[in-house]
Amino acid sequence: EAGVAQSPRYKIIEKRQSVAFWCNPISGHATLYWYQQILGQGPKLLIQFQNNGVVDDSQLPKDRFSAERLKGVDSTLKIQPAKLEDSAVYLCASSLTPDFPGTNTGELFFGEGSRLTVL
Amino acid sequence: AQKITQTQPGMFVQEKEAVTLDCTYDTSDPSYGLFWYKQPSSGEMIFLIYQGSYDQQNATEGRYSLNFQKARKSANLVISASQLGDSAMYFCAMSSTGANNLFFGTGTRLTVIP
(Lines give C-alpha, C1' and ligand atoms only; values in the text may rest on other atoms or scores of the structure.)
Protein backbone atom coordinates (compact mmCIF):
# COMPACT_ATOMS: atom_id res chain seq x y z
CA GLU A 1 0.00 0.00 0.00
CA ALA A 2 1.43 3.36 -1.01
CA GLY A 3 2.01 5.82 1.83
CA VAL A 4 1.38 9.54 2.07
CA ALA A 5 3.23 11.33 -0.71
CA GLN A 6 4.53 14.87 -0.40
CA SER A 7 6.39 17.20 -2.72
CA PRO A 8 8.70 18.93 -3.00
CA ARG A 9 10.94 17.43 -0.33
CA TYR A 10 13.03 20.57 -0.09
CA LYS A 11 12.41 24.20 -1.02
CA ILE A 12 14.50 27.31 -0.50
CA ILE A 13 12.94 30.72 -1.11
CA GLU A 14 13.53 34.30 -0.15
CA LYS A 15 11.24 36.12 2.25
CA ARG A 16 8.14 37.62 0.68
CA GLN A 17 8.13 34.96 -2.05
CA SER A 18 5.39 32.35 -2.29
CA VAL A 19 5.58 28.56 -2.08
CA ALA A 20 3.17 25.65 -2.42
CA PHE A 21 3.35 22.13 -1.04
CA TRP A 22 1.39 19.17 -2.32
CA CYS A 23 0.12 16.12 -0.47
CA ASN A 24 -1.45 12.92 -1.78
CA PRO A 25 -2.93 10.90 1.11
CA ILE A 26 -3.31 7.15 1.30
CA SER A 27 -6.05 5.98 -1.06
CA GLY A 28 -9.44 6.00 0.64
CA HIS A 29 -8.40 8.17 3.56
CA ALA A 30 -11.05 10.79 4.18
CA THR A 31 -9.18 12.87 6.75
CA LEU A 32 -6.10 14.90 5.93
CA TYR A 33 -3.90 16.97 8.23
CA TRP A 34 -1.15 19.54 7.69
CA TYR A 35 1.35 19.97 10.52
CA GLN A 36 4.17 22.50 10.86
CA GLN A 37 7.36 21.31 12.59
CA ILE A 38 9.84 24.07 13.46
CA LEU A 39 13.37 22.91 14.22
CA GLY A 40 13.63 21.70 17.82
CA GLN A 41 9.87 21.51 18.30
CA GLY A 42 7.16 18.94 17.89
CA PRO A 43 4.69 19.12 15.01
CA LYS A 44 1.84 21.60 15.40
CA LEU A 45 -1.48 21.16 13.62
CA LEU A 46 -2.21 23.81 11.00
CA ILE A 47 -5.37 22.47 9.40
CA GLN A 48 -7.53 19.35 9.31
CA PHE A 49 -9.81 18.35 6.41
CA GLN A 50 -12.64 15.86 6.35
CA ASN A 51 -13.10 15.04 2.65
CA ASN A 52 -13.00 18.52 1.11
CA GLY A 53 -14.34 20.38 4.15
CA VAL A 54 -12.29 22.09 6.87
CA VAL A 55 -12.68 20.60 10.36
CA ASP A 56 -10.13 22.71 12.22
CA ASP A 57 -8.01 25.62 10.98
CA SER A 58 -7.74 27.51 14.25
CA GLN A 59 -3.90 27.42 14.21
CA LEU A 60 -3.52 28.40 10.54
CA PRO A 61 -2.11 31.96 10.06
CA LYS A 62 -4.76 32.90 7.54
CA ASP A 63 -3.15 36.18 6.54
CA ARG A 64 -0.42 34.24 4.72
CA PHE A 65 -1.29 30.55 4.74
CA SER A 66 -4.02 28.88 2.73
CA ALA A 67 -4.89 25.27 2.10
CA GLU A 68 -7.38 23.46 -0.08
CA ARG A 69 -8.52 19.95 -0.82
CA LEU A 70 -10.78 20.49 -3.78
CA LYS A 71 -11.84 16.95 -4.69
CA GLY A 72 -11.41 15.42 -1.28
CA VAL A 73 -8.16 13.68 -2.26
CA ASP A 74 -4.99 15.73 -2.89
CA SER A 75 -4.27 18.85 -0.89
CA THR A 76 -2.16 21.94 -1.42
CA LEU A 77 -0.74 24.20 1.29
CA LYS A 78 0.35 27.66 0.16
CA ILE A 79 2.35 30.35 1.91
CA GLN A 80 2.25 33.88 0.48
CA PRO A 81 4.22 35.95 1.35
CA ALA A 82 6.71 33.82 3.28
CA LYS A 83 8.46 35.07 6.41
CA LEU A 84 11.72 33.90 7.98
CA GLU A 85 9.79 32.23 10.81
CA ASP A 86 8.00 29.99 8.31
CA SER A 87 11.19 27.94 7.92
CA ALA A 88 10.06 24.49 9.02
CA VAL A 89 9.13 21.02 7.88
CA TYR A 90 5.53 20.75 6.68
CA LEU A 91 4.14 17.31 7.40
CA CYS A 92 1.03 15.90 5.80
CA ALA A 93 -0.86 13.06 7.45
CA SER A 94 -4.01 11.14 6.63
CA SER A 95 -6.39 8.81 8.40
CA LEU A 96 -9.20 6.57 7.20
CA THR A 97 -11.77 8.42 9.28
CA PRO A 98 -11.78 11.40 11.64
CA ASP A 99 -12.17 9.01 14.56
CA PHE A 100 -10.03 9.17 17.67
CA PRO A 101 -6.37 8.53 16.69
CA GLY A 102 -6.17 5.58 19.08
CA THR A 103 -8.66 3.59 17.03
CA ASN A 104 -7.75 1.52 13.99
CA THR A 105 -9.68 3.80 11.69
CA GLY A 106 -8.41 7.00 13.25
CA GLU A 107 -4.71 6.19 13.17
CA LEU A 108 -2.62 8.92 11.48
CA PHE A 109 -0.12 8.04 8.75
CA PHE A 110 2.51 10.67 8.00
CA GLY A 111 4.44 11.58 4.88
CA GLU A 112 8.16 12.40 4.92
CA GLY A 113 7.50 16.13 4.94
CA SER A 114 8.52 19.14 2.90
CA ARG A 115 11.40 21.14 4.33
CA LEU A 116 11.13 24.89 3.73
CA THR A 117 13.99 27.32 4.21
CA VAL A 118 13.18 31.02 3.99
CA LEU A 119 16.22 33.30 3.50
CA ALA B 1 -5.64 23.04 27.41
CA GLN B 2 -3.36 20.15 26.65
CA LYS B 3 0.32 20.15 27.51
CA ILE B 4 3.05 17.58 26.83
CA THR B 5 6.48 17.90 28.46
CA GLN B 6 9.57 15.98 27.39
CA THR B 7 12.44 17.13 29.59
CA GLN B 8 15.25 15.13 27.95
CA PRO B 9 16.52 16.86 24.80
CA GLY B 10 18.99 14.05 24.19
CA MET B 11 19.67 10.55 25.49
CA PHE B 12 22.43 8.03 24.88
CA VAL B 13 22.16 4.28 25.34
CA GLN B 14 24.49 1.38 24.74
CA GLU B 15 23.40 -1.12 22.13
CA LYS B 16 21.36 -4.00 23.66
CA GLU B 17 20.60 -1.99 26.80
CA ALA B 18 17.18 -0.65 27.82
CA VAL B 19 16.34 3.06 27.87
CA THR B 20 13.46 5.11 29.27
CA LEU B 21 12.26 8.29 27.58
CA ASP B 22 10.23 10.57 29.85
CA CYS B 23 6.90 12.21 29.10
CA THR B 24 4.53 14.07 31.38
CA TYR B 25 1.22 15.52 30.33
CA ASP B 26 -1.56 17.75 31.52
CA THR B 27 -5.17 17.82 30.42
CA SER B 28 -8.55 18.49 31.93
CA ASP B 29 -10.24 15.96 29.67
CA PRO B 30 -11.33 12.78 31.46
CA SER B 31 -10.79 10.65 28.36
CA TYR B 32 -7.61 10.91 26.35
CA GLY B 33 -4.96 8.89 24.56
CA LEU B 34 -1.20 8.97 24.78
CA PHE B 35 1.05 8.10 21.85
CA TRP B 36 4.72 7.71 21.06
CA TYR B 37 6.12 8.36 17.60
CA LYS B 38 9.60 7.83 16.17
CA GLN B 39 11.00 10.29 13.64
CA PRO B 40 14.13 9.05 11.84
CA SER B 41 16.27 11.36 9.76
CA SER B 42 14.06 10.66 6.74
CA GLY B 43 11.42 12.83 8.41
CA GLU B 44 8.26 10.77 8.59
CA MET B 45 6.55 10.14 11.91
CA ILE B 46 6.25 6.43 12.70
CA PHE B 47 3.63 5.31 15.22
CA LEU B 48 5.08 3.13 18.00
CA ILE B 49 2.59 2.63 20.79
CA TYR B 50 -0.72 3.87 22.23
CA GLN B 51 -2.19 4.01 25.74
CA GLY B 52 -5.79 4.93 26.50
CA SER B 53 -6.52 6.83 29.69
CA TYR B 54 -8.91 4.12 30.88
CA ASP B 55 -6.67 1.18 30.00
CA GLN B 56 -5.85 -0.79 33.11
CA GLN B 57 -2.68 -2.38 31.78
CA ASN B 58 0.41 -0.74 30.35
CA ALA B 59 0.65 -0.99 26.57
CA THR B 60 3.36 -3.12 24.97
CA GLU B 61 4.39 -3.50 21.32
CA GLY B 62 7.39 -5.74 20.79
CA ARG B 63 10.43 -4.00 22.30
CA TYR B 64 8.37 -0.94 23.22
CA SER B 65 6.39 -0.56 26.40
CA LEU B 66 4.63 2.41 27.88
CA ASN B 67 4.93 2.98 31.61
CA PHE B 68 1.62 4.74 32.33
CA GLN B 69 1.22 6.33 35.75
CA LYS B 70 -2.09 8.19 35.64
CA ALA B 71 -1.84 9.80 39.09
CA ARG B 72 1.57 11.24 38.18
CA LYS B 73 0.39 12.12 34.65
CA SER B 74 3.36 10.40 33.13
CA ALA B 75 3.64 8.14 30.10
CA ASN B 76 7.25 7.08 29.74
CA LEU B 77 8.44 4.98 26.80
CA VAL B 78 10.71 2.05 27.55
CA ILE B 79 12.75 0.57 24.73
CA SER B 80 14.33 -2.77 25.56
CA ALA B 81 17.39 -4.27 23.86
CA SER B 82 18.27 -1.07 21.96
CA GLN B 83 19.40 -1.40 18.37
CA LEU B 84 21.43 0.99 16.22
CA GLY B 85 18.32 1.58 14.12
CA ASP B 86 16.56 3.02 17.17
CA SER B 87 18.63 6.21 16.87
CA ALA B 88 16.05 8.89 16.06
CA MET B 89 13.85 11.61 17.53
CA TYR B 90 11.04 10.34 19.74
CA PHE B 91 7.87 12.34 20.32
CA CYS B 92 5.22 11.90 22.96
CA ALA B 93 1.76 13.04 21.88
CA MET B 94 -1.76 13.09 23.18
CA SER B 95 -5.28 13.37 21.89
CA SER B 96 -8.55 13.78 23.67
CA THR B 97 -11.92 12.55 22.49
CA GLY B 98 -13.58 15.36 20.63
CA ALA B 99 -10.25 16.74 19.42
CA ASN B 100 -9.29 14.03 16.98
CA ASN B 101 -5.82 15.17 16.13
CA LEU B 102 -2.47 14.88 17.89
CA PHE B 103 -0.73 17.35 20.22
CA PHE B 104 3.03 16.75 20.37
CA GLY B 105 5.83 17.36 22.85
CA THR B 106 9.22 18.78 21.86
CA GLY B 107 10.89 15.41 21.45
CA THR B 108 13.93 13.51 22.70
CA ARG B 109 16.84 12.61 20.45
CA LEU B 110 18.00 9.08 21.18
CA THR B 111 21.45 7.94 20.11
CA VAL B 112 22.35 4.27 20.35
CA ILE B 113 26.07 3.66 20.83
CA PRO B 114 27.62 0.49 19.40
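Below or above, wherever it landed, is the structure these notes cover. None of these values were measured; they are calculated from a predicted model. (Residues numbered from 1 in each chain as written. Chains lettered and ligands numbered in written order. Predicted model: local features only at pLDDT ≥ 70, side-chain atom pairs only at ≥ 80, totals over all residues. Heavy atoms only, no water.)

Across all of its chains, the model carries 14 aromatic pairs over all chains by this definition. Summarising the aromatic geometry, the rings of A:Phe110 and B:Tyr37 are spaced 5.7 Å apart at their centres and angled 80° between planes, so their arrangement reads as edge-to-face. Taken as a pair, A:Phe110 in strand β10 (residues 109–110) and B:Tyr37 in strand β5 (residues 32–39) lie in two separate chains rather than in one. Under the relative-accessibility criterion, A:Phe110 is labelled buried at 5%. Looking at B:Tyr37, the relative accessible area reads 1%, which means it is buried. With a centroid separation of 5.2 Å and 55° between ring planes, the pair formed by B:Tyr25 and B:Tyr32 is classed as tilted. There is no split in this pair, since B:Tyr25 and B:Tyr32 are both buried. Of the aromatic side chains, those joined through ring pairs into one cluster are A:Tyr33, A:Tyr35, A:Phe110, B:Phe35, B:Tyr37, B:Phe47, B:Tyr50, B:Phe91 and B:Phe104. Sitting over the face of the ring of B:Tyr64, B:Arg63 holds its NZ or CZ atom 5.7 Å from the ring centroid. (Phe/Tyr/Trp six-rings, centres within 6.5 Å; stacked < 30°, edge-to-face > 60°. Helix = DSSP H or I, 4+ residues; strand = E, 2+ residues; numbered from the N terminus. Buried < 20%, exposed > 50% of the residue type's maximum accessible area, 1.4 Å probe, protein only. Lys NZ or Arg CZ within 6 Å of the ring centre and 35° of its normal.)

With that settled, consider unusual backbone geometry. Residue A:Pro8 follows A:Ser7 across a cis peptide bond; omega there is -10°. Along the chain, A:Pro8 turns up in the loop between β1 (5–7) and β2 (10–13). With phi around 80°, B:Lys16 is a residue other than glycine that occupies positive phi space. The exposure class of B:Lys16 is exposed, given its relative accessible area of 68%.

Moving on: the side chain of A:Thr97. Residues and elements named next belong to chain A. Along the chain, the position of Thr 97 falls in the loop between β9 (88–95) and β10. Residue classification places Thr 97 among the buried positions, given a relative accessible area of 18%. With near-sequence residues (within four places) excluded, Thr 97 lies in contact with Thr 31, Thr 105 and Gly 106. (Contact = heavy atoms within 4.5 Å.)

What follows concerns the state of the cysteines. Counting across every chain of the model gives 2 disulfides over all chains. One disulfide bridge connects A:Cys23 with A:Cys92, the sulfur atoms lying 1.9 Å from each other. Because the torsion about its S-S bond is -70°, the bridge between A:Cys23 and A:Cys92 counts as left-handed. Pair noted here: A:Cys23 is in strand β3 (residues 19–24) and A:Cys92 is in strand β9, with a separation of 69 residues, a long-range link. In terms of burial, A:Cys23 and A:Cys92 fall into one category: buried. Between the sulfur of B:Cys23 and that of B:Cys92 lies a disulfide, 2.0 Å long from S to S. Because the torsion about its S-S bond is -65°, the bridge between B:Cys23 and B:Cys92 counts as left-handed. One end of the pair, B:Cys23, is in the loop between β3 (19–21) and β4 (24–26); the other, B:Cys92, is in strand β10 (residues 88–96), and 69 residues separate them in sequence. You'll find B:Cys23 and B:Cys92 in the same group, each marked buried. (Disulfide = S-S within 2.5 Å.)

With that out of the way, let us pick up the environment of A:Leu60. Residues and elements named next belong to chain A. In this structure, Leu 60 sits in the loop between β6 (53–56) and β7 (65–68). In sequence terms Leu 60 and Arg 115 are 55 residues apart; their C-alpha atoms lie 18 Å from each other. The contacts of Leu 60, once residues within four sequence positions are left out, are Leu 46, Ile 47, Phe 65 and Leu 77.

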